[in-house]
Amino acid sequence: MRAVVIRGFGGPEELRLTDVPVPVPARGRVLIRVEAATVNPVDVATRSGALAGAGLMPPREVIGIGWDVAGVVERTGPGVTGLRAGDRVIGLSDRLDVPLGTQADQVVLDADAVAAAPAGTSPVEAATLPLNGLTAVQALDRLGLSPGGTLLVTGAAGAVGGYAVQLAAARGLRVTAVAAPADETLVRELGAAEFVPRTARLGEAVRALEPGGVAAALDAASVGVAALDAVRSSGAFAAVVGGAAPPPLRGIRVFNHWIHADGERLRDLAALAEAGTLTLRVAGTLPLEQVAEAHRHLEKGGLRGRLVLTP
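Residues numbered from 1 in each chain as written. Predicted model: local features only at pLDDT ≥ 70, side-chain atom pairs only at ≥ 80, totals over all residues. Heavy atoms only, no water.

So, the nonpolar core
- Counting residues in each nonpolar core, the largest one holds 70 residues, and the members touching the most others are Ile-90, Leu-129, Leu-143, Leu-151, Leu-218 and Leu-269.
- Examining the composition of this core, we find that seven residues originate from one element, helix α4 (residues 130-143), more than from any other.
- Apart from the residues within four sequence positions on either side, Leu-143 is in contact with Leu-151, Ala-216, Ala-217, Leu-218, Ala-236, Phe-237, Ala-238, Arg-253 and Phe-255.
- One finds Leu-152, Val-178, Leu-228 and Ala-244 within the second-largest nonpolar core, a separate group that totals 15 residues. (Core = buried A, V, L, I, M, F, W, Y, C linked by side-chain atoms within 4.5 Å. Buried < 20%, exposed > 50% of the residue type's maximum accessible area, 1.4 Å probe, protein only. Helix = DSSP H or I, 4+ residues; strand = E, 2+ residues; numbered from the N terminus. Contact = heavy atoms within 4.5 Å.)

Structural data, given as structure tokens:
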């Protein structure tokens, strides 16, 4: 089968579509025939060597690329229950140190990292949900706001930020969204009650809308201390990009959220997508062999939704 790998760090030219043996699912794992795999910033950080430079992954001769997947179960390993060949599924590979990722013809994942694909969605749409949806919902869970609470979401028009706005609004939170001026209509449609353009001085702008500041912030755009200034003292702050958490000033509980695979939570997200609570946004689709072009598009920025590769 074919798989996207790198054998050295650098630009998109380091990406290789290579023939490799089809993996065999061991105990507790499933083999999935890939129908769609999303391209995410973590893929760029892996390929460029940024993650290795930060000490997050050891040197490896061959590194697989890709976290999200939508596809069909081909085989199940011993001990797997609740999944069988022919099931349409979505899943997440959350390990950095792997020789094969989801950008391939087939991939093996832990069974507890897999969930049924949301009904009524295409594989391309469904593939955009696992990494970005889980990042948003897990960060919101850790922020721990109750209905009626106030939340700032930066990067609200992006993939993680957009899901965060919709999930927060569904929980009864009052969301102030930060995005480019041209994205105000979009983020309000996603559920934001207030909007602040990203060029504004956040602390002042947000406090003019929410006296005393918001109870918490989910920083999907790595704004850092400027977003922290919008949070009230003793509030909470979640950074969802590794190493982007600001210092815990004014007694604010600050944390970097590191995503983890969670099939049960993924099932919850799939149900929300089926109900129309979550909007699955696809920025574009390219064949697997054009993975380098997908990386170039992603690095240019400005995408609304995710690029998706199809074998």
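Points about the environment of Arg-306
- Locating Arg-306 in the fold gives a position in strand β16 (residues 306-310).
- A sequence separation of 265 residues divides Arg-306 from Pro-41, and the C-alpha atoms of the two residues are 9.9 Å apart.
- Polar side-chain contacts of Arg-306 include one of 3.3 Å to the side chain of Asn-132. (Polar contact = N/O pair within 3.5 Å; in protein donor to acceptor, adjacent residues only side chain to side chain.)

Comments concerning the packing of helix α1 (residues 41-48) against helix α10 (residues 291-300)
- For the pair α1 and α10, the least separation of the axes is 10 Å and the interaxial angle reads 110 degrees. On the basis of their axis angle, the class for α1 and α10 is roughly perpendicular. Across the interface between the two elements, Pro-41, Asp-43, Val-44 and Arg-47 from α1 touch His-295, Leu-298 and Glu-299 from α10.
- Its residues assigned to classes, the contact of α1 with α10 comprises three nonpolar, one polar and three charged. (Axes fitted to C-alpha atoms, helices over the stretch in contact; angles between N-to-C directions. Parallel < 35°, antiparallel > 145°, perpendicular 65-115°, else oblique. Nonpolar A, V, L, I, M, F, W, Y, C, P; charged D, E, K, R; others polar.)

Describing the sheet that holds strand β1 (residues 2-6)
- With antiparallel pairing, the three strands of this open sheet are ordered in space as β2-β1-β4. Each edge of the open sheet is held by one strand with a lone partner, namely β2 (15-19) and β4 (63-64).
- Two strands pair when backbone bridges link them, and β1 and β4 are joined in this way by two bridges, in the antiparallel orientation. Note that in β4 the partner of Val-5 across the bridge is Gly-64. (Pairing = 2+ DSSP bridges.)

With respect to the pairing of strand β13 (residues 231-239)
- The pairing of strand β12 (residues 214-219) with β13 spans five bridges and is parallel. Across the sheet, residue Ala-216 finds its bridge partner in β13, namely Ala-236.
- The sheet contact formed by β13 and strand β14 (residues 253-256) spans four bridges and is parallel. Each residue of the ladder has a partner; that of Ala-239, found in β14, is Asn-256.

A look at the packing of α4 against helix α9 (residues 263-275)
- Two numbers describe how α4 lies on α9: the axes approach to 10 Å, and their chain directions differ by 105 degrees. In this view, α4 runs roughly perpendicular relative to α9, as classed from their interaxial angle. Together, Pro-130, Gly-133, Leu-134, Val-137 and Asp-141 of α4 and Arg-265, Leu-266 and Leu-269 of α9 make up the contact between the two elements.
- Its residues placed into classes, the contact of α4 with α9 shows five nonpolar, one polar and two charged.

Let's talk about α1
- Counting buried residues in α1 gives six out of eight residues, a clear majority hidden from the surface.
- Taken residue by residue, α1 has Val-42, Asp-43, Val-44, Ala-45, Thr-46 and Arg-47 as its buried positions.
- Once α1 ends, the next one or two residues include Gly-49, with phi positive near 95 degrees.

Brief notes about the pattern of salt bridges
- The full count for this structure, using the stated rule, is 16 salt bridges.
- Between Asp-97 and Arg-60 there is a salt bridge; the shortest N-O distance is 2.7 Å. With Asp-97 in the loop between β6 (88-92) and β7 (106-110) and Arg-60 in the loop between α2 (50-53) and β4, this residue pair connects regions lying 37 residues apart in the sequence.
- Judged by its relative accessible area of 34%, Arg-60 is partly exposed.
- When the shortest N-O distance is used, the salt bridge between Arg-171 and Asp-141 registers 2.6 Å. Taken together, the positions of Arg-171 in the loop between α5 (159-170) and β10 (174-179) and Asp-141 in helix α4 put the pair 30 residues apart, joining distant regions of the chain.
- Taking the relative accessible area as the measure of exposure, Arg-171 reaches 28% and is therefore partly exposed.
- On the basis of relative accessible area, Asp-141 is assigned to the partly exposed category, the value being 35%.
- Salt bridges here are not isolated pairs; linked through shared partners, they connect Asp-141, Arg-171, Arg-265 and Asp-268. (Salt bridge = Lys/Arg side-chain N within 4 Å of Asp/Glu carboxyl O.)

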